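The chain contents come next:
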Amino acid sequence: MLQDRFDRKVTYLRVSVTERCNFRCRYCMAEKPFSWVPKENLLSYEELFAFIKIGIDNGIRKIRLTGGEPTTRENLDELIAMIHTYAPDVDIGLTTNGFLLPAQAKKLKSAGLRRVNISLDSLDAETLNYIAQKDVLEQVLTGVRAAVDAGLSVKINSVILRGINDHEIVPLFEYAREIGAQIRYIEYMENSHASNALQGLRSDEIIDILGKSYPFIPIEKEASGPANLYETPDGYRFGTIEPHRHDFCASCDRLRLTAEGDLIGCLYFEGAKSIKEAIREGNIKKATEILEEVVFNKPEKNLWGIENVEVSSRAFYRTGG
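Here is a short report on the structure shown in this document. (Residues numbered from 1 in each chain as written. Predicted model: local features only at pLDDT ≥ 70, side-chain atom pairs only at ≥ 80, totals over all residues. Heavy atoms only, no water.)

## Some points on the nonpolar core
By size, the foremost hydrophobic cluster in this structure holds 90 residues, and its most contacted members are L13, F51, I156 and F238. Apart from residues lying up to four places away in sequence, L13 is in contact with F51, I52, I60, K62, I63, R64, L255, R256, L257 and L263. (Core = buried A, V, L, I, M, F, W, Y, C linked by side-chain atoms within 4.5 Å. Buried < 20%, exposed > 50% of the residue type's maximum accessible area, 1.4 Å probe, protein only. Contact = heavy atoms within 4.5 Å.)

Below you can see the structure in the form of structure tokens.
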């Protein structure tokens, strides 16, 4: 069992399979040029799986594949199948922008994928084009439908930005409810790779706006889940993810592994330890020691805060933010 110095059990590993992305979202990598880490610098699927096995053997029970945009890396179903074959009970999820799901959803589900979180920040083509800096709405909606039709559990992730898509809080809610997906409104996480002009809405503002159209009550959140949950009278559940709250990090059970082999204890901070050399040498003992060290040294909390907001220098597109 993996446990940090604040007595938090770590059972969740987010694995970034690539830093590449086919969008240029303004809150993530707005100015990032289309230049990439050389392929030979990335861990192969076999190398990623070698470390994932170590994680599973030490108590990891949930794997989420991220990017960048993970579906831009070829044959992603092969990595999913490796994990699922080794540990069928481990919950395998995917975070994606949905653009490439129409051609991949069924294949990923067959390989062992259980759930998918799809980023959808607007239902208006022009607004989404502005945010993603690409005309993507129709293809993303097709990807959402493909995931639903494939039998995957679907969540919709929406970052609400002041003056940009804050008028779509209710329409996004209605869309997600209609397709049977849980929507999660995510507070914008200030970072140095985002556009300087952005300002996000806090969750209490989002809840206040939504509450004027629909009744709902707060319900108990999942023990280690990041979302605060709410339920309407007809049983529909949705959530907010609030990294600025003082207690957001109290139940954090996550580690992050980049495609280049950097193991990260916290999304906010730059600190990381590389497992690449140990994995490529086949040194399981050394890789396990690095895992235990990163877990033990997980920071207590991020520094975003509610009133005095700090800016993270972390490149989220490398770490599945």
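Read on for the rest.
## As for the state of the cysteines
Enumeration according to the criterion identifies zero disulfides in this entry. Here C21 is not disulfide-linked; the sulfur of C25 is the nearest cysteine sulfur, at 6.2 Å. (Disulfide = S-S within 2.5 Å.)

## A few points about the pattern of salt bridges
As enumerated under the stated definition, the model contains 10 salt bridges in all. E205 is the partner of R162 in a salt bridge, and the nearest nitrogen-oxygen pair spans 3.0 Å. Of this pair, R162 sits in the loop between β7 (153-159) and α6 (169-179) while E205 is found in helix α7 (residues 203-211), placing the two residues 43 residues apart along the sequence. Given a relative accessible area of 35%, R162 falls into the partly exposed group. Judged by relative accessible area, E205 falls into the partly exposed class, the value being 28%. Put simply, R237 and E231 hold a salt bridge, and the shortest N to O gap is 2.7 Å. Residue R237 is classed as partly exposed on the basis of its relative accessible area, which comes to 43%. (Salt bridge = Lys/Arg side-chain N within 4 Å of Asp/Glu carboxyl O. Helix = DSSP H or I, 4+ residues; strand = E, 2+ residues; numbered from the N terminus.)

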